[in-house]
Amino acid sequence: MAAIASSTAAPKAPSRPDPHRRVLDAAITCFTRNGFHGTSMHEICAEAGMSPGGLYRYFPSKDAIIIAIVEEERAARASLMACLEQAPGFVAGLVAMGDALFSGAVPMACVELAPEISAEAARNPVLKAKFDEVEAEMEEVIRRAFVAAQARGEVDPALDPDLALVMINAIGDGLLLRSRLEPDLPLATLMPLLGELIARMLAPPAAPPSSDLTR
């Protein structure tokens, strides 16, 4: 009888994410749909299936939610940085990072929210401090890889690493914005072409043809 009873027992209901996770997921959905300023705390509550009192227990403000989203991405960014550090070359590492990001292999809210986060950080000093802190960690890894590539002869040694990093970041920011403007654009499949273009941009200048000394 016990065996029969156990075999006919109703399946367990799937467990719901913890409240903290529910709020962040709901906020990401709302921010992606309506933007930061177009989203109210009440809308986030409704999306999370949570009362305002329950939500405010975990996050006292919308700013606190945004900062938590930026902070949470540290772990995902670590995976992207591993792609760069484990690649055989600097440009190959950038391609691997882009492929992981745009294919969804490394899920990051910034793919959807990057334009919103950047715009909000520009006018919100508290968010900007957290945004700059997280950005600086990734920039340091990329800069270190760039300098190592210069030492190997992969990248033009005359290029200023800090200025080059500004341009590389601008390309990445542009791709994130493009992914919002054209959601169906297969950016992951375009990474090899991007790598080829960046490789040409960073390559050391070709050696001048040797002069004919026999003449």
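From a predicted model like this one, the values you see are computed outputs, not experimental measurements.

The rules behind the values
Residues numbered from 1 in each chain as written. Predicted model: local features only at pLDDT ≥ 70, side-chain atom pairs only at ≥ 80, totals over all residues. Heavy atoms only, no water. Helix = DSSP H or I, 4+ residues; strand = E, 2+ residues; numbered from the N terminus. Buried < 20%, exposed > 50% of the residue type's maximum accessible area, 1.4 Å probe, protein only. Areas by Shrake-Rupley, 256 points an atom, 1.4 Å probe, with all protein chains shown as cover. Salt bridge = Lys/Arg side-chain N within 4 Å of Asp/Glu carboxyl O. 1 Å grid on protein atoms, 1.4 Å probe; cavity = no way out; pocket = protein on both sides within 12 Å on 5 of 7 lines; lining within 4 Å. Points joined across faces, edges and corners; volume = space filled by probe spheres on them. Nonpolar A, V, L, I, M, F, W, Y, C, P; charged D, E, K, R; others polar. Phe/Tyr/Trp six-rings, centres within 6.5 Å; stacked < 30°, edge-to-face > 60°. pLDDT = per-residue confidence, 0-100. Contact = heavy atoms within 4.5 Å. Axes fitted to C-alpha atoms, helices over the stretch in contact; angles between N-to-C directions. Parallel < 35°, antiparallel > 145°, perpendicular 65-115°, else oblique. Left-handed = near helix turned anticlockwise from the far one by under 90°. Expected span 1.5 Å × (residues − 1). Bend = angle between axes of the 7 residues up to and from the residue. Polar contact = N/O pair within 3.5 Å; in protein donor to acceptor, adjacent residues only side chain to side chain. Core = buried A, V, L, I, M, F, W, Y, C linked by side-chain atoms within 4.5 Å.

J.: Provide a residue-level description of the overall build of the protein chain, including the pertinent values.
T.: Helix and strand counts for the protein chain stand at 10 helices and zero strands. Taken from N to C terminus, the helices and strands of the protein chain fall in the order α-α-α-α-α-α-α-α-α-α. With 215 residues in all, the protein chain has 38% of them scored as buried. Summed over all atoms, the accessible surface of the protein chain reaches about 12500 Å², with 61% contributed by carbon and sulfur.

J.: So what's going on with the pattern of salt bridges? Residues and values would help.
T.: Under the definition given, this model contains 18 salt bridges. The shortest N-O distance in the salt bridge between R180 and E112 comes to 3.1 Å. In this pair, R180 is assigned in helix α9 (residues 161–181) and E112 in helix α7 (residues 110–123), connecting sequence segments 68 residues apart. Look at E112 and you get partly exposed, because its relative accessible area is 35%.

J.: Give me the layout of surface pockets: which residues, what numbers.
T.: Roughly 700 Å³ of volume is contained in the largest pocket. What lines the largest pocket is a set of 31 residues, and nearest its centre among them are M138, N169, G172, D173 and L176. Among the elements of the structure, α5 (62–86), α6 (90–103), α7, α8 (125–152), α9 and α10 (191–202) are those that each provide at least two residues to the lining of the largest pocket. It is α9 that contributes the most residues to the lining of the largest pocket, eight residues altogether. Of the residues in the lining of the largest pocket, the class split is 22 nonpolar, four polar and five charged.

J.: Before we move on, could you go through the packing of aromatic side chains and cite the residues and values that matter?
T.: Counted by the stated rule, this structure contains two aromatic pairs. With a centroid separation of 5.5 Å and an interplanar angle of 85°, the aromatic rings of F90 and F146 are classed as edge-to-face. Of this pair, F90 sits in helix α6 while F146 sits in helix α8, placing them 56 residues apart in sequence. Taken as a pair, F90 and F146 share a single burial class, namely buried.

J.: How would you summarise the confidence of the model for the protein chain if you had to cite specific residues and measurements?
T.: Per-residue confidence for the protein chain gives a mean pLDDT of 85, with 88% of residues at or over 70. Here helix α1 (residues 2–7) stands out as the element of the protein chain with the lowest mean pLDDT, 44, in contrast to α10, whose mean of 94 is the highest. Contacts from residues 1–10, a stretch scored under 50 in pLDDT, to residues over four places away or in other chains number zero contacts.

J.: So what's going on with the packing of α6 against α10? Which residues, and what values?
T.: Where α6 meets α10, the axes come as close as 9 Å, and the angle between the chain directions of the two elements is 150°. One finds that α6 runs roughly antiparallel with respect to α10. Read as a crossing pair, α6 and α10 show a hand that is right-handed. Packed against α6, whose contacting residues are F90, V91, L94, V95, G98, D99 and F102, the element α10 presents M191, P192, G195, I198, A199 and L202 at the interface. Here the residues of the contact of α6 with α10 sort into 10 nonpolar, two polar and one charged.

J.: Requested: an account of α5, with residues and values cited.
T.: With 25 residues, α5 extends 37 Å from end C-alpha to end C-alpha; this agrees with the ideal 36 Å at 1.5 Å per step. Where α5 bends most, at A75, the angle is about 35°.

J.: Explain α7 to me, using residue names and the numbers behind them.
T.: Of all the bends found along α7, the most pronounced is centred on E116 and spans about 30°. Burial in α7 covers these residues: C110, V111, L113, A114, I117, E120 and A121. At its buried positions, α7 is contacted by α2 (19–34), α5, α6, α8 and α9.

J.: Could you give an account of the environment of E139, with specific residues and numbers?
T.: Here E139 shows up in helix α8. If we skip the residues at most four places from it in the chain, E139 touches L165 and N169. In this structure the side chain of E139 is engaged in a polar contact, spanning 3.2 Å, whose partner is the side chain of N169.

J.: Outline the nonpolar core, listing residues and values.
T.: As a rule of thumb, soluble globular proteins bury nonpolar side chains together. Of all hydrophobic cores here, the largest spans 34 residues; its most connected members are L80, L84, F90, L101 and F102. Counting only elements with at least two residues in this core, the list comes to α5, α6, α7, α8, α9 and α10. Top element by residues in this core is α6. It accounts for seven residues. Excluding residues within four positions of it along the chain, L84 makes contact with F90, G93, L94, M97, V141, I142 and A145.

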